[in-house]
Amino acid sequence: MHPTIKMTITKLTTNMKTKNYELVASEFSWSISANKTIKAWGFNEMVPGPTLEAEKGDRIVVKVTNNLQEPTVIHWHGIQLAAGMDGTDSVQTPIAPGESFEYNFIVPDAGTFWYHSHQNEAVQMERGMYGALVVKDKDDVLTDGERVLMIDDMKLTSKNEFKQGNFISKWVERHDGREGSTLLINGLENNEIRMRAGQTERWRIINSSSARYFRLFLDGTPFKIISTDGGLIERPVEATDILLVPGERVDILVGPFAEGETFSIDSLPYNRMTFLKSRRNTFASVSVDKAAPSAFQIPKTMRAIAPLASQDATPNRNINFSVGASLKNGIDFLVNGETHASDKPVRIGELQIWEVSNTSLMDHPFHLHGFFFQVLEVNGKAPEFISWKDTVNLPPRSKVKIAWIPGNRPGSWMYHCHILEHHEAGMMGHFDVVGQDSSTANSHNGHHHQHHHLGAHG
Ligand code: C2O
Ligand code: CU
């Protein structure tokens, strides 16, 4: 190896720690409220699974053991890792019942991420196979406390079972995605959050539901958006509501409040053009206890984000999401006219300008695995602020233009709709990230580096 490269690696890894975790997937009883117990599937007998924490640059080693009756595979949503660690059935054999698999990767970015099953998701995730992965950084905003809030909803029978129901409700679920009336934050119904007066907290909010569009609203209390899928934004943005589509994350600053104040965490109606009609729902309540000192401090500029391209950049790829009638399935969810489409490869380091169009009459959350992108425009309009994203909503009959650069992580990757029923129905595209010359030579190199790195510091 070239001496300069060696030096850089040593320098990068001196402060690197290895965080070891163990996740055991199983079925267990979980009480979502005083008299509602479900047969959940999840990790370490918790819904959500344990929050994994690390610092930017750390290595995470997670041993996942599958004690379910069916195979599973775990995806690390938002982590820019090597293709082989992405946790999908395109890059690994799913973990059979009784088997284990060790995931091993570096977390190069600070932010709010999550892990979830990437196998039979419409069943496994619906039952609780998800958890948060929080990556911190020494330059993070200094708040008086942090919380992870994982949003979910479950559709349960009167006996608290996960049944799919009759032919019609099955068809509606395939079309709309599964939404249920059991509303959960961190696996609990009517969760009660207590804050201290005078303090400002950072809430890391993750939409882990199958299909629900969660439009966060705190009874009209303004909050500040500070971070999106790919970490901090440049400056805090004040808002009273924000839409979080399945898979998306947002971090907000809330407070300070006065002692005795109460408010609820609601989701406002959002019409995503489905059969189910959206309404305002309460997910949890917040009450403010007596005051505590505050150390909250926020810089004017939290981070600089250089634009990858201008709004009018010419797309070098067009991708189309559509819904079509099908003789076999009644309805098909398509990418470029196909289910499980295979798309052209992208080259490492080559700027990608993708125009993703949605010609269907309903919304779809577009998710790209393993890389962050910037949204250049939605229907010709630039977003309100620049940010790094891995999930973005495609409104009905829309065109969304994104920019991203494939990093040096060759292999097999994918993008898909994060409404789990649509994903399962095939609304996804597979593509390879390849080297400048040829794909195979480079992916071998990539693996070699990975192992060398491991050997030197593991
Ligand atoms: Cu969070 Cu392939 O998804
Ligand atoms: Cu969809």
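Residue positions are given per chain, counting from 1 as you read along its sequence in written order. All chains are assigned letters beginning with A, and all ligands numbers beginning with 1, in the order in which they are written. Thresholds applied to this predicted model are a pLDDT of at least 70 for local features of residues and 80 or more for the giving and counting of side-chain atom pairs; totals over whole chains, interfaces and linings are not thresholded and use all residues. Hydrogens and waters are ignored; side-chain quantities use all the structure's heavy atoms.

Visitor: Would you mind showing me how to read the overall build of the protein here?
Guide: Secondary structure elements follow DSSP: runs of H or I of four or more residues count as helices, runs of E of two or more count as strands, with numbering from the N terminus. Looking only at helices and strands, the protein features five helices and 31 strands. In this treatment the radius of gyration is a C-alpha quantity, and the globule benchmark scales as 2.2 Å times the residue count to the 0.38 power. Taking 23 Å as the expected radius of gyration for a compact globule of 458 residues, we find that the protein reaches 22 Å, a close match to that expectation. Its C-alpha atoms give the protein principal-axis dimensions of roughly 65 × 60 × 50 Å. The proportion of buried residues among the 458 residues of the protein is 55%. For every residue, the accessible area (1.4 Å probe, protein chains only) is compared with the maximum for its type, and the residue is labelled buried under 20%, exposed over 50%, or partly exposed between those bounds.

Visitor: I keep staring at the pattern of salt bridges and nothing clicks. Help me out?
Guide: Any two side chains of opposite charge can pair, so long as their charged atoms come close to each other. Counted as salt bridges are all cases of a side-chain nitrogen of Lys or Arg within 4 Å of a carboxyl oxygen of Asp or Glu. Evaluated as defined, the whole model comprises 30 salt bridges. With its nearest N and O atoms 2.6 Å apart, the salt bridge here joins Arg 147 to Glu 201. Taken as a pair, Arg 147 in strand 9 (residues 146-154) and Glu 201 in strand 13 (residues 201-207) lie far apart in primary sequence, 54 residues in all. With a closest N to O distance of 2.7 Å, Glu 173 and Lys 155 form a salt bridge. In this pair, Glu 173 is assigned in helix 3 (residues 167-176) and Lys 155 in the loop between strand 9 and helix 3, connecting sequence segments 18 residues apart.

Visitor: Would you take a moment to explain the environment of Asp 390 for this structure?
Guide: Tracing the sequence through the fold places Asp 390 in the loop between strand 27 (374-378) and strand 28 (391-394). The contact definition used throughout considers only heavy atoms, calling two residues in contact when any of these lie within 4.5 Å. Not counting the four nearest positions on each side in its chain, Asp 390 is found in contact with His 77, Gly 78, Asp 229, Arg 249, Phe 366, His 367, Leu 368, Phe 371, Phe 372 and Phe 373. Separated by 2.9 Å, the side chains of Asp 390 and His 77 make a polar contact. Here a polar contact means two N or O atoms within 3.5 Å. Within protein one must be a hydrogen donor candidate and the other an acceptor candidate, and residues neighboring in sequence count only if both atoms are side-chain atoms.

Visitor: Help me understand the side chain of Gln 352, please; the structure alone is not making it clear to me.
Guide: Tracing the backbone through its elements, the reader meets Gln 352 in strand 25 (residues 352-358). One polar contact links the side chain of Gln 352 to the main-chain carbonyl oxygen of Glu 350, over a distance of 2.9 Å. Contact partners of Gln 352, with chain neighbours within four places excluded, come to Asn 316, Val 346, Arg 347, Ile 402, Ala 403, Trp 404 and Pro 406.

Visitor: Looking at this structure, how should I read the packing of aromatic side chains?
Guide: The geometry of an aromatic ring pair is captured by two quantities: the separation of the ring centres and the angle between the planes. Only the six-membered ring of Trp is used, alongside the rings of Phe and Tyr, when aromatic pairs are assigned; centres must lie within 6.5 Å, and planes under 30 degrees apart are stacked while those over 60 apart are edge-to-face, with the rest tilted. As enumerated under the stated definition, the model contains 20 aromatic pairs in all. Centroid distance Trp 76 to Tyr 115: 5.6 Å. Interplanar angle 40 degrees. Geometry classified as tilted. Of this pair, Trp 76 sits in strand 5 (residues 74-77) while Tyr 115 sits in strand 7 (residues 111-117), and the two are 39 residues apart along the sequence. Overall, the relative accessible area of 0% leaves Tyr 115 in the buried class. Each ring, one from Phe 214 and one from Phe 283, has its centre 5.0 Å from the other, and the planes form 85 degrees; the classification is edge-to-face. Of this pair, Phe 214 sits in strand 14 (residues 214-217) while Phe 283 sits in strand 20 (residues 281-289); the two residues are 69 residues apart in sequence, bridging distant segments of the chain. Among the residues examined, Phe 214 registers a relative accessible area of 0% and is labelled buried. Here a set of aromatic residues connected by ring pairs shows up, and it is made of Phe 321, Trp 354, Phe 366, Phe 371, Phe 373, Trp 404, Trp 413, Tyr 415 and Phe 431.

Visitor: Could you clarify how one ought to interpret the nonpolar core in this entry?
Guide: Buried together is how nonpolar side chains tend to be arranged in soluble globular proteins. In these notes, a set of buried Ala, Val, Leu, Ile, Met, Phe, Trp, Tyr and Cys residues joined through side-chain atoms within 4.5 Å is what counts as a nonpolar core. Judged by nonpolar contacts, the single largest core of 61 residues is most densely connected at Trp 76, Phe 105, Leu 133, Phe 321, Trp 354 and Phe 366. With residues near it in sequence (within four places) discarded, Trp 354 still touches Asn 316, Arg 317, Ile 319, Val 346, Phe 366, Leu 368, Val 400, Lys 401, Ile 402, Trp 404, Tyr 415 and Phe 431. By size, the runner-up hydrophobic cluster in this structure holds 34 residues, among which are Leu 183, Trp 203, Ala 239 and Phe 263.

Visitor: Honestly, the sheet that holds strand 25 in this entry has me stumped. Any pointers?
Guide: In any sheet, the strands associate via hydrogen bonds between backbone groups, in a parallel or an antiparallel arrangement. Think of it this way: DSSP has to see at least two bridges between two strands before they count as a pair. Pairing is mixed across the open sheet formed by five strands, whose spatial order is 22-21-25-29-27. Of all strands in the sheet, those bounded by a partner on one side alone are strand 22 (330-335) and strand 27. With direction set aside, neighbouring strand axes in the sheet form an average angle of 20 degrees. For helices, the fitted axis covers only the stretch in contact; all axes are lines through C-alpha atoms, and the angles between them, taken along N-to-C directions, range from 0 to 180 degrees.

Shape is all these values report; function is a separate question.
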